[in-house]
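# Working through the structure, step by step
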Amino acid sequence: MQAVTSTLSGNIRAIVIDHPPVNATSQAVRAGLLQAIEQAVGDDETQAIVIACAGATFVAGADIKEFGKPPLDPHLSEVIHAIESSAKPVVAAIHGSALGGGLELALGCHYRVVDAQARLGLPESTLGIIPGAGGIPRLLRLAGIDKALDMAAGGKPIGAAEALEAGVADALAQDDVRAAAIAFAQRLLAQGQGVRRTRELPAQACEPQVFEAARARFQASHRGQLAPQACVDVAVRSVASSFEDSVAYGRERFRELVTSPQAQALRHAFFAERVATKPAGLPAEDAAPVRKAGVVGAGTMGTGIAMCFLNAGIPVVLVEQNEKVLASSVETIGKTYRNDVAKGRITEATQRARGDALTPTLQYEPLRDCDLVVEAVFEDMGIKRQVLASIEENLRPDALIATNTSFLDIDALAAGLRRPENVVGMHFFSPAHIMKLLENVRGARSSPRALATTQALGKRLGKVAVMVGVSDGFVGNRMLARRTRECYFMLEEGALPEQVDRVLCEFGFPMGQFQLNDLAGLDVAWRNRQSRLDRLSEREAACNILDEIVAAGRLGQKTGAGFYTYDAQRKRSVDPAISELIVRNAERRGITRRAISDDEILERCLYAMINEGALILGEGVASRPEDIDTIWLNGYGFPRWRGGPMFHADQIGAARICERIRHYASQAGELYWTPAPLLLAQARDGGAFHAR
Ligand code: 3HC
Ligand code: NAI
């Protein structure tokens, strides 16, 4: 199949790119396009040209798989230059996504007709690179500097209506965008309008402060990342210099960034998410339809989960035992949607439809026609087993039951039921309607149909859904528990919360361990600790800093004090009372505190997680390292530009990690630090988690 075809009808030549899955500008497309445009320009019968795409989308960008390999001719900027140089008008017909090199291509056309549902963007910075084919100098000529920087440095795509308003699109099409583009081209010819080359438009003059303000903005929003700042550099050059020079400069910066560690990590993150959300052997065709869902337990999680369904257009029966809690949940949902309307995120009609789709109830019986019910009651095996039995009693035999348990054994939960094959885990993260991550949990008896349904449902809910196995804390919380333990040990050995948190934030986490604890509520962490006292080691049980803080009535942000104090705006301050409490705690327990270096803090946090990740892989609780990386990137704020914990482990190397784990074992004992077999094997054989 040819990647690019060209057909003449009347005096309009349609050049069509057909290169599944997303019409990326791989070498075959670039070469095909160049040849087709040269032919169209030299052909007397062609008076105007339309560039369109077959399949679900316009060109979604450069072929990311070609990055990091030797470049193949022709370069995309050469192809775009040829298009823009055409003396015959060229119209892009955009549907689906015009992203990265795809939008650059469209900006090189003289006009753009855009399907009303299309999205246009320069997401290169999310891959650690910048638009390499003149995207920034062209976009700022069409849409102005602010919009161009928001789109390129911010990496945020815009919709068709916004593109029209910004001058990026020339017309919107409601249905057949290719036909609309052809009609647009015919009108151009009829009106005697010729070409309009973006490169010939003037670049808006701009004060240096605008760029300085943009730099500061992107430093704050994209902390530690190189590409957004490079986008600003290119914008500065585009205003100060000729078009040709700014394109050459952008290309040079692209080349420099494309092989950078950040770009490699971000490319890994992109493909890891696509691998992780498609577990082997669970085709979407096997998924059962979910037309109506139930949620049992209208507390923090149940309320958020109900909104996930409503937001995806799935009606919800929300069951609670406590009338007041139910009313408060309904109020929270109503308030969220009122706020969404006020902020212009949804229409009043959508708000009404979502309200109508919610059935709050104190009875189980209305669950009878639900296709899937999520249980989100207290984290207690006895209560959950009772609730699951009541759910099953009221459901159709083919309907599925998902538990939102954080730590409990799904197999034990399903054991008392008549149809354990219908039971799975759907571990949402708080706040459930906001957080992207969903850990779907495979029970020993969960049927392939049940599992395929949770994966398909996750996608429908807009989640990044990763399938994991049964384990204490599954994947994410199990690894976090290891990091948490080390953080508390470091507090007793000599660190303070603000030092640990600073180190984690400097690494790139949005917040540190103790800031996270304060946000989630120290009572939650304390209850979790109490529930597992019988499983704690002697040292863990004795490490009671959390108990003392909770006993002082400091439960975190919600009480205005936890590891830190918070003002009415939730602004955080270090509290000397906590430093004293930690120091006194150590004195009382005969621990001589020492200075702990930032390097040690980072190593102990990361290596504890990586080692647990390696155990999780060895046990098959996660199937692939990509699954773990995806979980940490989407649920725990692991800096995306570091690729995820297992990718990061590869950058450090298994030999070094094992050596440091042995070092910490020599200080704290093998109970806490024993290299995972997988890491040991990698250290021995020079292996890695991801193929190099
Ligand atoms: N290169 C190579 N493969 C790509 C790709 C790309 N740019 N974009 C998507 N794919 C692949 C995916 O890996 C996936 O492959 P698989 O089926 O084997 O897993 C397949 O296409 C379908 O992708 P999705 O599962 O993501 O499909 P969706 O329909 O959910 O999303 C999309 C489609 C919105 C286009 C999304 O894939 C996307 O955002 N793609 C990346 C867009 C992007 O970042 N473009 C910029 C690239 S950099 C660039 O252009 C540099 C330039 O300045 C020179
Ligand atoms: P919560 O205490 O806010 O809500 C639980 C709700 O269940 C309460 O409103 C309670 O009245 C209700 N309930 C109890 N028994 C019931 C019954 N028999 N019938 C109907 N309703 C009943 O708890 P939260 O935080 O929402 O947690 C719920 C589950 O989600 C737990 O298993 C928890 O481990 C899990 N989870 C919690 C997360 C969090 O951050 N809070 C994150 C991920 C999972």
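Taking an unreviewed UniProt entry as the reference, the chain is identified by name as Enoyl-CoA hydratase/isomerase family protein belonging to Achromobacter pestifer. Here is the UniProt Catalytic activity (unreviewed entry) comment for the chain, exactly as written: "a (3S)-3-hydroxyacyl-CoA + NAD(+) = a 3-oxoacyl-CoA + NADH + H(+)". A UniProt comment under Subcellular location (unreviewed entry) is attached to the chain, and it reads "Peroxisome".

This part covers the state of the cysteines. Enumeration over the complete set of coordinates arrives at zero disulfides. Between Cys206, a cysteine without a disulfide, and Cys231, which holds the nearest cysteine sulfur, the sulfur-to-sulfur distance is 15 Å. We note that Cys487 lacks a disulfide partner, and the nearest cysteine sulfur, in Cys605, lies 3.7 Å from it.

Segmenting the chain into domains produces domain 1 (4-259), domain 2 (285-472), domain 3 (476-595) and domain 4 (599-685). In this complex, domain 2 contributes 13 residues to the contact, which on the side of domain 4 involves nine residues. Between domain 2 and domain 4 lies a buried interface of about 850 Å² when both sides are counted; carbon and sulfur atoms form 63% of it. Its largest share of buried area at the contact with domain 4, domain 2 owes to Leu437, Val464 and Val466, together 38% of the area lost on that side. At the boundary of domain 2 with domain 4, the tally comes to zero salt bridges. Remark: the boundary between domain 2 and domain 4 carries one residue pair in polar contact (both at pLDDT 80 or more). Put simply, the parts of the chain that give the side of domain 2 that touches domain 4 at least two residues each are β16 (437-442) and β17 (464-469). Here the side of domain 2 that touches domain 4 is composed, by residue class, of eight nonpolar, two polar and three charged.

Moving on, we come to the pattern of salt bridges. Tallying each qualifying case throughout the model produces 51 salt bridges. A salt bridge links Arg396 to Asp398; the nearest nitrogen and oxygen atoms lie 2.8 Å apart. Among the residues examined, Asp398 registers a relative accessible area of 36% and is labelled partly exposed. Between Arg604 and Glu600 there is a salt bridge whose closest N-O contact spans 2.8 Å. Pair noted here: Arg604 and Glu600 are both in helix α25 (residues 598-619), with a separation of four residues, about one helical turn. Within this structure, Glu486, Glu492, Glu493, Arg539, Arg589, Arg594, Glu600 and Arg604 form a network of salt bridges that share partners.

In the vicinity of ligand 2 there are 21 residues, among which Met301, Glu320, Glu379, Lys384 and Ser406 approach most closely. Here an oxygen atom of ligand 2 sits 2.5 Å away from a polar atom, N or O, in the side chain of Glu379. Coverage of ligand 2 by the protein amounts to 80% of the 820 Å² it exposes when considered alone. Counting residues per element, the ones that place at least two in the shell around ligand 2 are α12 (300-311), α15 (381-394) and β15 (423-428).

Of all residues adjacent to ligand 1, which total 24 residues, the nearest are Ala62, Gly101, Glu104, Glu124 and Arg274. Within the contact set of ligand 1, a nitrogen atom lies 2.9 Å away from a backbone nitrogen or oxygen of Ile64. A distance of 2.7 Å separates an oxygen atom of ligand 1 from a polar backbone atom of Gly101. Considering ligand 1 on its own, with 990 Å² of exposed area, one finds that the protein chains cover 74% of that surface. If you tally residues by element for the shell around ligand 1, the top one is helix α11 (residues 261-276), at three residues. A class-by-class count of the residues in the shell around ligand 1 yields 13 nonpolar, five polar and six charged.

Reading guide: rules and limits
Every chain is numbered independently, its residues counted from 1 as its sequence is written. Each chain is given a letter, starting from A, and each ligand a number, starting from 1, according to the order in which they appear as written. Since the coordinates come from a predicted model, pLDDT governs what is reported: local features require at least 70, and pairs of side-chain atoms require 80 or more to be given and counted, while whole-chain, interface and lining totals use all residues. Excluding hydrogens and water, the side-chain values take into account all heavy atoms of the structure. UniProt positions are given in the numbering used here, feature names are shortened, and annotations may be inferred rather than shown by experiment. Our working definition of a disulfide is a cysteine sulfur pair at a distance within 2.5 Å. Residue ranges for the domains trace back to a domain assignment, done automatically or taken from a database. Residue contacts follow a heavy-atom distance rule, with two residues in contact if any of their heavy atoms lie within 4.5 Å. Here the quantity called buried area is the total loss of accessible area, with a 1.4 Å probe, experienced by two parts when brought into contact, counted for both. Salt bridges are identified by distance alone: a Lys or Arg side-chain nitrogen within 4 Å of an Asp or Glu carboxyl oxygen. Any pair of N or O atoms that falls within 3.5 Å is considered a polar contact. Within protein, one atom must be able to donate a hydrogen and the other to accept it, and sequence-neighbouring residues count only if both atoms are side-chain atoms. Strands are runs of DSSP state E lasting at least two residues, helices are runs of H or I lasting at least four, and both sets are numbered from the N terminus onward. Residues are grouped as follows: Ala, Val, Leu, Ile, Met, Phe, Trp, Tyr, Cys and Pro are nonpolar; Asp, Glu, Lys and Arg are charged; every other residue, Gly included, is polar. Exposed residues in this analysis have more than 50% of their type's maximum accessible area, buried residues have under 20%, and partly exposed residues fall in between, with area computed by a 1.4 Å probe over protein chains only. The nearness test applies per residue and asks whether one of its heavy atoms lies within 4 Å of the molecule or strand. Accessible surface is estimated by sampling points in the Shrake-Rupley manner with a 1.4 Å probe; for residues, cover comes only from the protein chains shown.

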